[in-house]
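Breakdown of the fold
Below are the chains, spelled out letter by letter.
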Amino acid sequence: MPSRQTGTNTNTTIYDDTPDQTSLRSLNVELREYLDRANNFELYPGAERMEYDFIAERQNVHGTNLVESTAHLIKGCLGAGILGIHEGYSYGGLWTSLGANILIGFFVPYNMLLLIDAAQRMYIRLRVPRLSYPDLVEAVIATGPMRCLRPYRKIFRYSVDLFLFFGFCSTCCIFEIMIARTLKEVLETVSISFKNHNFSISIYILFVFVPLLSLCMIRSLKHLAPFSLVADVFCGVCVLIAVYYSILYKTYKYRPAWKSVRGLFRFCGVCIYSLDGIGVALPIENYMTKPQYFHLVVQWGMTIVVVSVASVGFFGYWAWGDACRSPITMHMPKDRASLALQFLIAISLAVTFSVHLWVPFRTIWHYIGRRHKRQRGFWERLYKGIYVIIITCFSILFSDLTEWMSFVGNFFLGTVVFIFPAFIDSLVIWGETHSAYMRIKLLQNVMIMLIGLTLCCGAIYSYVE
C-alpha cells in the first residue's frame, strides 16, 4: 500500500494515482500474496541476499537528492512541537531539560537509522524495492526467527498503524488548539469586547472549526502543498523572531535546574514529540535516488532539528520562566505589527492542520473507502467532515496543549520511536552472525526497548499522579 504516514514531509502528491504510486500498490499486493502463501513463513527459495539491487529496481520517477531529502526530513520533524517546547522546559527545569534534550536528540536519529538499516536488509531478503513502516513490521515478524510470533504478524502491523494514526490525530488536535490560542490572544488584545467577555479556549476552538472544515474539504494534496510550504517558511520566520525577543528580553533571574521526576517524564514526552520524524523516515528513504546515503540525511537534518528545538526551548524558558505559554509566538510584543504576524500565523497553522489531517484520514479511507465504489468524492468529504468534528471534540475536551504533546510523545511515539525500531532490528540481525559486535548490538537494542517501555510507563505515571 502507499506509505500512508507521509504527507507532511514532501510536496509530492502522495495519494494521487501517478504511475509510480500504481507500481507501488502492485508491489505491496505482491508482498501481501507472498506473505500469505509462504510455506511456514520461510524466505523465498533461491533468493540470494546479495544478488538483489533494490536501488536499481526502484525506478523513482521523481526521486529526491540528498539536499531535498534533508529538507523533507527537517520539515517532517519540525512542526507543532517546536512552538511549545519552551513550555516543556518549564516542567523539567532549565539544565535538566537541556541535558535530556541532547540525550533524546541522540536516540531519536539513532533509532531512525536502526529502522532504515533493517528495512534495507529486508529489501534484499524479500526482493522488493521499498516498504512502508507497517509493511516492514509485518514482513519482519513473518520471516523472523521467533516462530511463535508469526501467526500474530497482522496484529503487529495494525499496532504500528494504530500508533502512527493516533500520533498524527493528536498533532491535528495540537494545531487546532494552537490556532485557537493565537486567535484568542489577538482578539482580546485588539478588542475590548472580547477581552471583557473572556471566552474560554473551547469557544475559540469552535470559532476556528468552520474555516478548518472548509480547508479540509480540498481532496487533492497537490493543491495544498504549495500553501503548506509557504506556511512552514512563514512559521519558521515567526519562531525566529519570537526567539530573538526571548533572548532580548531574557533576565538573569533564577530558573530551577531540576524540578521533579514527574516533570522530567512530561518534558521527555514534549521533547520526543518535538524531535520525532520516524513516521517520515521510510517514505523519504523510499524516494531517494541514493538511499545508501540516508545516514547523511539523518546526520545533517537531525542536527539542525535538535539545535533548533533546544534553542527555542532553552531561551524561551530562560526568558519567560514558568509564565511561558504555547505557542511561543504569543510572547511577541503587543504592537500592531506583531499582532498582524500572529494572525497570519493562525492562518498558516490552519493550512498546516489541513495537510496533517490528510495523513491519518488516508489511513481510515484506505479501509472504508473500498466500500464506496460510486460517488467516492461525496463519501470522502462526508467522512472527512465527521473526522474533523471528532478532532474538534477532542480538542475541546482536552485543551491543555503541553498535556497533549507530553502524553503523545511518551506513550504513542515512545513506542514507534524506541520499542519497534529496536525490536525490528533485533529480529533482522538475529542469526546473521555470532560475532561479539552483534551481541553488543542486540544488548543495545534491549536497552533501547527498555527506555521506550520506561517512557510509556512514565506517561501513565505522570497523569495518574
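Residues numbered from 1 in each chain as written. Predicted model: local features only at pLDDT ≥ 70, side-chain atom pairs only at ≥ 80, totals over all residues. Heavy atoms only, no water.

**Notes on the overall build of the protein chain**
Across its full length, the protein chain carries 17 helices and zero strands. Looking at the protein chain as a whole, 57% of its 465 residues are labelled buried. Taking the contacts inside the protein chain whose residues are at least 6 apart along the sequence as the reference set, 83% of them involve residues at least 24 apart. Entry remark: accessible area of the protein chain is about 20,300 Å², with carbon and sulfur atoms responsible for 67%. (Helix = DSSP H or I, 4+ residues; strand = E, 2+ residues; numbered from the N terminus. Buried < 20%, exposed > 50% of the residue type's maximum accessible area, 1.4 Å probe, protein only. Contact = heavy atoms within 4.5 Å. Areas by Shrake-Rupley, 256 points an atom, 1.4 Å probe, with all protein chains shown as cover.)

**Some words on the side chain of Glu 285**
Locating Glu 285 in the fold gives a position in helix α12 (residues 278–286). Leave out the neighbours within four places in its chain, and Glu 285 touches Phe 54, Arg 58, Ile 116, Gln 120, Tyr 123, Pro 291 and Phe 294.

**Comments concerning the nonpolar core**
Ranked by size, the top nonpolar core spans 121 residues in total, and within it Leu 73, Tyr 89, Tyr 133, Leu 136, Val 416 and Ile 424 carry the most contacts. Take this core: its biggest share by element is 16 residues, from helix α5 (residues 94–126). (Core = buried A, V, L, I, M, F, W, Y, C linked by side-chain atoms within 4.5 Å.)

**Description of the layout of surface pockets**
Computed from the structure, the largest pocket encloses a volume of approximately 600 Å³. Lining the largest pocket we find 27 residues, and of these Leu 78, Ile 82, Asp 232, Cys 235 and Gly 236 sit closest to its centre. Looking at the lining of the largest pocket, the elements that each hand over two or more residues are α3 (66–77), α4 (80–92), α10 (221–249), α13 (294–320) and α14 (336–368). Here the element with the most residues in the lining of the largest pocket is α10; it accounts for nine residues. (1 Å grid on protein atoms, 1.4 Å probe; cavity = no way out; pocket = protein on both sides within 12 Å on 5 of 7 lines; lining within 4 Å. Points joined across faces, edges and corners; volume = space filled by probe spheres on them.)

**Structural notes on the pattern of salt bridges**
Overall, the coordinates contain eleven salt bridges when judged by the stated rule. Salt-bridge contacts for Lys 184 lead to Glu 188; the nearest nitrogen and oxygen are separated by 2.7 Å. Placement of the pair is Lys 184 and Glu 188 together in helix α7 (residues 153–190), with a separation of four residues, close to one helical turn. Owing to a relative accessible area of 17%, Glu 188 belongs among the buried residues under this scheme. Taking the shortest distance from any N to any O, the salt bridge between Lys 441 and Asp 425 comes out at 3.8 Å. (Salt bridge = Lys/Arg side-chain N within 4 Å of Asp/Glu carboxyl O.)

**Some remarks on the environment of Gly 377**
With respect to the element layout, Gly 377 can be found in helix α15 (residues 376–397). Residue classification places Gly 377 among the buried positions, given a relative accessible area of 14%. As for Gly 377 and Met 217, which are separated by 160 residues in sequence, their C-alpha atoms are 9.9 Å apart.

**Describing a nonpolar patch on the surface**
A cluster of nonpolar side chains, contributed by Phe 378, Leu 382, Ile 386, Ile 390, Phe 394, Leu 397 and Phe 398, occupies part of the molecular surface with about 690 Å² of accessible area. Along the chain, the position of Leu 382 falls in helix α15. (Patch = residues over 30% accessible without salt bridge, like charges linked within 9 Å, V, L, I, M, F, W, Y side chains within 5 Å.)

**A closer look at the packing of α4 against α13**
At a minimum axis separation of 7 Å, α4 and α13 run at an interaxial angle of 50°. Viewed along their axes, α4 and α13 adopt a mutual orientation that is oblique. For the pair α4 and α13, the crossing hand works out as right-handed. Contact residues: Ile 82, Ile 85, His 86, Tyr 89 and Ser 90 in α4; Ser 308, Val 309, Ala 310, Val 312, Gly 313, Phe 314, Gly 316 and Tyr 317 in α13. Tallied by class, the residues present in the contact of α4 with α13 amount to eight nonpolar, five polar and no charged. (Axes fitted to C-alpha atoms, helices over the stretch in contact; angles between N-to-C directions. Parallel < 35°, antiparallel > 145°, perpendicular 65-115°, else oblique. Left-handed = near helix turned anticlockwise from the far one by under 90°. Nonpolar A, V, L, I, M, F, W, Y, C, P; charged D, E, K, R; others polar.)

**Concerning helix α11 (residues 261–275)**
Between its first and last C-alpha, α11 extends 21 Å over 15 residues, near the 21 Å set by a 1.5 Å rise per residue. Of all 15 residues in α11, twelve are buried, a share of seventy percent or more. (Expected span 1.5 Å × (residues − 1).)

**As for the side chain of Lys 441**
With respect to the helices, strands and loops of the structure, Lys 441 is situated in helix α17 (residues 436–464). Relative accessible area serves as the criterion here: at 10%, Lys 441 is assigned to the buried category. When neighbours within four sequence positions are excluded, Lys 441 is seen to be in contact with Leu 114, Asp 117, Asp 425 and Ile 429.

**Structural notes on the packing of aromatic side chains**
For the structure on display, the rule yields 30 aromatic pairs. Seen from their ring centres, Phe 166 and Phe 412 are 5.5 Å apart, and the 20° between their planes marks the pair as stacked. A residue pair is termed long-range when its members are at least 10 positions apart, and Phe 166 in helix α7 and Phe 412 in helix α16 (residues 401–429) qualify at 246 residues. Residue Phe 412 is classed as buried on the basis of its relative accessible area, which comes to 14%. Against the face of Tyr 287 rests Arg 130, its NZ or CZ located 5.5 Å from the ring centre. (Phe/Tyr/Trp six-rings, centres within 6.5 Å; stacked < 30°, edge-to-face > 60°. Lys NZ or Arg CZ within 6 Å of the ring centre and 35° of its normal.)

Keep in mind these values describe shape, not function.
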